[in-house]
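What follows is each chain in one-letter form.
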Amino acid sequence: MAYSEKCRVGMIGAGNVAHRHARVLSGFADVEIVGVTDVVPTAAEALASTHGAPAFPDVATLLSLEPDAVYVCVPPFAHGHAEEAVLASGAAMFVEKPLGVDLTVPTRLAAEVARRGTLTAVGHHWRYLDVVRTAAQLLADHPVRLVNGVWWDKVPPVAWWIRSDRSGGPVVEQAAHVVDLARALVGPVTAVYAAGTGTPPPVPDADVDAATAATLIFSGGAVGTLSSACVLGWKQRAGLEIIADGLALFVGEDELVVRDGAGQERRIPGDPDAARVAVDRAFVDAIRGIGDDIRVPYAEALETHRVTCAIAESARTGQPVTLAAPAGPSVPAPRSGRAEFDGHDPRAVPVEGGSADG
Ligand SMILES: NC(=O)c1ccc[n+]([C@@H]2O[C@H](COP(=O)([O-])OP(=O)(O)OC[C@H]3O[C@@H](n4cnc5c(N)ncnc54)[C@H](O)[C@@H]3O)[C@@H](O)[C@H]2O)c1
């Protein structure tokens, strides 16, 4: 697109996260929201009117405007047709995580994204946290041995969340942020073994597990656990503890806690709002051809989704699940200038007893 033109964005799905993206995008001088559609017309109208845009009855009418980019902000069960239409239109595509409730639709869509060479990004905004960059730098000289990911929270107030066939379950839907962080900081996951409670949280009609516990094996030789629970009335803790040689970290959205041999524990505040802006800014900059900092394109999000789906499958079947190594680098190669983690890929750190893989 010409440098002088505004990036014209359409929105599919007009719920909570779409409101957030639209608010961020409206704050960019070089972006115009050209239309909104939702299966609930009043939802589309509410979001559209907030940003002075029209609401449309369906995806096809929205796409007839030929937007430069489309945000797909639908619940996990609703992915598929919207993305297919966006890909066929030639627009760039931002998709909210998770990519689906299982692997069927995302695997098909990833092939189509690759075939068309579409510019994509997925809403794993944790990758844009400054504290994640700092954690990666700290880990550069410290082989990781152990990871402990947690997401202990309430049931979110969206009706579809408590049904596994609509959300994919708490690990797929929510703990995906932490699994993605583990993959970014520690490397590919090669096997998982999980158990669920088999009983739901105390919410009418729920069928998702109240809690899940999983063991994870990383290709570089580290081992880890992931636990998820949705029975509280508040968010207790979400993030990743990492034990490396001579270094202990906790990486959360709000802070990085560091302890090494040097002395006292250090707490470095995080800025999740800045990361939520950065993920949208990077997408728009890439569309405009003025940036190259999309950290989680569709194919990369699929690798995280493979791990969360494997955990869900293992919890369901009681069997361990082995994951095939991704075909290429699991994270886009660091770029000069605005390189992810300052150009250093922590997964390249040699780990005793195994080789880092990427
Ligand atoms: N990255 C993040 O931090 C973050 C934060 C919140 C939500 N999310 C993700 O965003 C997704 C949506 O979450 P939400 O909280 O906005 O949900 P929501 O229920 O508030 O909104 C979803 C909207 O999509 C609409 N919809 C459903 N099917 C549709 C279809 N086929 N076509 C068009 N519209 C359709 C619904 O009517 C609803 O208005 C979830 O996957 C969630 O995990 C991500």
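Before any of the text, the structure's been laid out above.
Presented here is an overview of the structure given in this document. (Residues numbered from 1 in each chain as written. Predicted model: local features only at pLDDT ≥ 70, side-chain atom pairs only at ≥ 80, totals over all residues. Heavy atoms only, no water.)

1. Things to note about helix 6 (residues 130-139)
Of all the residues in helix 6, the buried ones are Val131, Val132, Ala135, Ala136 and Leu139. End-on view of helix 6: buried residues confined to an arc of 145°, all on one side of the axis. Where helix 6 is buried, its residues contact strand 7 (144-152), helix 9 (176-186), strand 11 (237-244), strand 12 (247-252), strand 13 (255-260) and strand 14 (266-269). (Buried < 20%, exposed > 50% of the residue type's maximum accessible area, 1.4 Å probe, protein only. Helix = DSSP H or I, 4+ residues; strand = E, 2+ residues; numbered from the N terminus. Arc of directions from axis to C-beta. Contact = heavy atoms within 4.5 Å.)

2. Brief notes about the sheet that holds strand 5 (residues 92-95)
The parallel open sheet is built from six strands, whose spatial order is 3-2-1-4-5-6. Taken across any chain shown, the strands that pair with only one partner, and hence form the sheet edges, are strand 3 (55-56) and strand 6 (120-122). Sheet topology note: the strand 4 (residues 69-72)/strand 5 ladder contains four bridges and is parallel. Note on strand 5: the bridge partner recorded for valine 70 is methionine 93. Of the strands in this sheet, strand 2 (31-37) and strand 3 are in contact with helix 2 (residues 41-50), which crosses strand 2 at around 165°. (Pairing = 2+ DSSP bridges. Axes fitted to C-alpha atoms, helices over the stretch in contact; angles between N-to-C directions.)

3. Side note on the pattern of salt bridges
If you walk through the whole model with that rule in mind, you get 22 salt bridges. Aspartate 180 serves as the salt-bridge partner of arginine 127, at 2.7 Å between the closest nitrogen and oxygen. Here arginine 127 is found in the loop between strand 6 and helix 6, whereas its partner aspartate 180 is found in helix 9, with 53 residues between them in sequence. Residues arginine 127 and aspartate 180 agree in their burial class; the two are buried. (Salt bridge = Lys/Arg side-chain N within 4 Å of Asp/Glu carboxyl O.)

4. Things to note about the site of the ligand
Around the ligand lies a shell of 24 residues, among which Val17, Asp38, Lys97, Trp160 and Glu173 are the nearest. Here asparagine 16 contributes a side-chain N or O atom positioned 3.0 Å from an oxygen atom of the ligand. Bound to the protein, the ligand loses 82% of the 840 Å² it would expose on its own. Of the residues forming the shell around the ligand, the biggest block, three residues, is contributed by helix 1 (residues 16-26). For the shell around the ligand, a count of residues per class yields 13 nonpolar, six polar and five charged. (Near = heavy atom within 4 Å. Polar contact = N/O pair within 3.5 Å; in protein donor to acceptor, adjacent residues only side chain to side chain. Areas by Shrake-Rupley, 256 points an atom, 1.4 Å probe, with all protein chains shown as cover. Nonpolar A, V, L, I, M, F, W, Y, C, P; charged D, E, K, R; others polar.)

5. A look at the environment of cysteine 309
For cysteine 309, the position within the fold is in helix 11 (residues 298-317). For the pair formed by cysteine 309 and valine 101, sequence separation is 208 residues and the distance between their alpha carbons is 8.1 Å. Ignoring any residue separated from it by four or fewer positions in sequence, one finds cysteine 309 in contact with Val101, Asp102, Leu103 and Val172.

6. What about the packing of helix 1 against helix 10 (residues 272-288)?
Across the interface, helix 1 lies against helix 10 with an axial gap of 10 Å and an inter-helix angle of 65°. As the angle between them shows, helix 1 and helix 10 are arranged roughly perpendicular. The two elements helix 1 and helix 10 meet at a crossing, and its hand is right-handed. Across from Arg20, His21, Val24 and Leu25 in helix 1, the residues of helix 10 making contact are Arg276, Val277, Asp280 and Val284. The residue inventory of the contact of helix 1 with helix 10, partitioned by class, reads four nonpolar, one polar and three charged. (Parallel < 35°, antiparallel > 145°, perpendicular 65-115°, else oblique. Left-handed = near helix turned anticlockwise from the far one by under 90°.)

7. Some points on the nonpolar core
Generally speaking, nonpolar side chains in soluble globular proteins are found buried as a group. Counting residues in hydrophobic clusters, the biggest one holds 71 residues, and the most contacted among them are Met11 and Leu185. Of all the elements, helix 10 adds the most residues to this core, at seven residues. Judged by nonpolar contacts, the second largest core, of 23 residues, contains Ile12, Leu63, Val70 and Leu87. (Core = buried A, V, L, I, M, F, W, Y, C linked by side-chain atoms within 4.5 Å.)

8. Re a nonpolar patch on the surface
Residues Leu146, Ile217, Val223 and Ile243 make up a contiguous nonpolar surface patch of about 280 Å² in total accessible area. Structurally, isoleucine 243 can be placed in strand 11. The partly exposed category is assigned to isoleucine 243, whose relative accessible area is 38%. (Patch = residues over 30% accessible without salt bridge, like charges linked within 9 Å, V, L, I, M, F, W, Y side chains within 5 Å.)

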